[in-house]
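Structural description and commentary
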Amino acid sequence: MGFFKKLFGQSESDQFADRFLQGLRQAGSQREFEYDKENFRFVSSGEDGFINLGNYYQEYCELPKSERDQFLVRCISGVIESESALPEKFSDARSQLRVKIWRRDSIEDLRRQAREEGEDSIGIQFHEIGSHLYASVAYDTPNSVLSVNEETLEDWGVDFREALNVGIMNLSKENFSVVDTNSGPSGAGLHVISTGDSYDASRILLLDFIRQLSFTGQIIALAPNRDCLLLTGSDDLEGLEAMLEITFNTEDHPRPVSALPVRLEGDHWVDWMPERSHPLFQRFNLLKLRYLVSEYNDQKERLDLEYEQQESSVFVATFSVIETVTDEIFSYSLWAKDSETLLPETNLIMFYIDGQEVVASCDWQRAMDLVGNLIVREDGMYPPRYRVVGFPTDEQLQEIGKLDFG
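Before going into details, it helps to say that this report is about the structure given with it. (Residues numbered from 1 in each chain as written. Predicted model: local features only at pLDDT ≥ 70, side-chain atom pairs only at ≥ 80, totals over all residues. Heavy atoms only, no water.)

Observations concerning the overall build of the protein chain
When you go through the protein chain residue by residue, the secondary structure sums to 13 helices and 21 strands. For 406 residues, the compact-globule estimate of 2.2 N^0.38 gives 22 Å, and the protein chain sits close to it at 24 Å. With the principal axes as the frame, the protein chain shows a C-alpha extent of 70 × 65 × 45 Å. When contacts within the protein chain are restricted to residue pairs at least 6 apart in sequence, long-range pairs at least 24 apart make up 61% of them. Total accessible area on the protein chain stands at roughly 21100 Å², and carbon and sulfur atoms take up 45% of it. Of the side-chain charges in the protein chain, 38 are positive and 72 negative, and the distance between the mean point of each set is 3 Å. (Helix = DSSP H or I, 4+ residues; strand = E, 2+ residues; numbered from the N terminus. Rg over C-alpha atoms; globule rule 2.2 N^0.38 Å. Contact = heavy atoms within 4.5 Å. Areas by Shrake-Rupley, 256 points an atom, 1.4 Å probe, with all protein chains shown as cover. Lys, Arg positive; Asp, Glu negative; His and termini not counted. Charge placed at Lys NZ, Arg CZ, Asp CG, Glu CD.)

In structure tokens:
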């Protein structure tokens, strides 16, 4: 009866962690792991000190039950394979180097965990892709993708940029398909890269190849998940519409990347949104707000727990969304008087006094212009938050004014 009592007293995620750990031991893993329930990961000593379970579990849940056992076997095989040392020489590793795309929140979580454990960094270098994605160097094996850290690069005698360029070159040599849809008068439309080899999002760095495709306007890219890269032109209405449709229809993919588009500027990708007057602005804005709501909600939950444990009175403001009578959608947050507050970066700020409700409201930039001296950005927080160090005076509140939502 002990086994059944233990099993039924666990959550499904804890049961998954148990099965994963048992599989590692049965497969002969030599590492000793402890289950970190709060962060849903295994922690061990050594250079590769943890295994995050979130993505594994999400993908596991998406599969039919008949396929879950085999998926778990593949995951465990990949972990066991990762325990083997990378090649000692760069020349031996060169052909298997690839580019791995990371969501920025994943990197910030790793950095936070490293700080909590007294480490200065996570030991991996990154190339930024806009504000929300990173790329790193990885070593590709049949069952796993191993991150190449700074120590390994030093042992190989190569710098990060050289290794990254090799990974990009290797990706460019592999076979992958491009499907063109919704071609307009220009013959451009939407270009879809969806090969299913786990590197489609990474192909956003194949700039020479991308520039050979046809575009109307500036080059816009969006990688909704690991197995899909969408490319179109900023002036291609049909291409942008198709980009939106695919992104909305693939939101449940177990390996999401980012629902936020970027624009190619020189040799770098930068954040992009159409102008407010653009016919598709509201739909792109909806994508952005849904992404940020999820990111900020996860962050708030974690921060609330941390401050509760510290017995701190810091108020972590919610990233909220409002729809006006004209069907426009905005994000907003509450700046409360007499409260130590961490504000998310929102379109609008509502100034609140207990007992008087909202006494003023304005857009973010106006707040920064008029009372920016009271707002200090917190280091190391993603998505960004700002600590307020006071509250506007009555005169400042009067100058800020109050928005009319009709």
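From this point, things continue past the structure.
Section: the sheet that holds strand β18 (residues 348-353)
Spatially, β15-β16-β18-β19 is the arrangement adopted by the four strands of the open sheet, whose pairing is mixed. Strands at the two margins of the open sheet, each flanked by one partner only, are β15 (320-323) and β19 (357-363). Averaged over all pairs of adjacent strands, the angle between strand axes in this sheet comes to 35°, irrespective of strand direction. Bridge count for β15 against strand β16 (residues 329-336) is four bridges, and the pairing is antiparallel. Within β16, the residue paired with Ser320 across the bridge is Tyr332. (Pairing = 2+ DSSP bridges. Axes fitted to C-alpha atoms, helices over the stretch in contact; angles between N-to-C directions.)

Considering the nonpolar core
Counting residues in hydrophobic clusters, the biggest one holds 42 residues, and the most contacted among them are Leu97, Trp156, Ile204, Leu231 and Trp269. With six residues, the single largest contributor to this core is helix α8 (residues 160-173). Not counting residues within four places of it along the chain, the set of residues in contact with Trp269 comprises Ile129, Gly130, Ile204, Leu205, Leu207, Ile210, Ile219, Ala221, Leu231, Val262, Arg263 and Leu264. (Core = buried A, V, L, I, M, F, W, Y, C linked by side-chain atoms within 4.5 Å. Buried < 20%, exposed > 50% of the residue type's maximum accessible area, 1.4 Å probe, protein only.)

Focus: the pairing of strand β4 (residues 97-103)
Extensive coverage of β4 is indicated by the burial of six of its seven residues. Note: β4 against strand β6 (residues 133-140), seven bridges, orientation antiparallel. Looking at β6, one finds that Lys100 is bridged to Ser136.

A closer look at the pairing of strand β9 (residues 190-193)
Of the two faces of β9, the one holding Leu190 and Val192 and the one holding His191 and Ile193 are both buried throughout. Strand direction decides the pairing type here: strand β8 (residues 178-181) and β9, joined by four bridges, are antiparallel. The residue of β9 that forms the bridge with Asp180 is His191.

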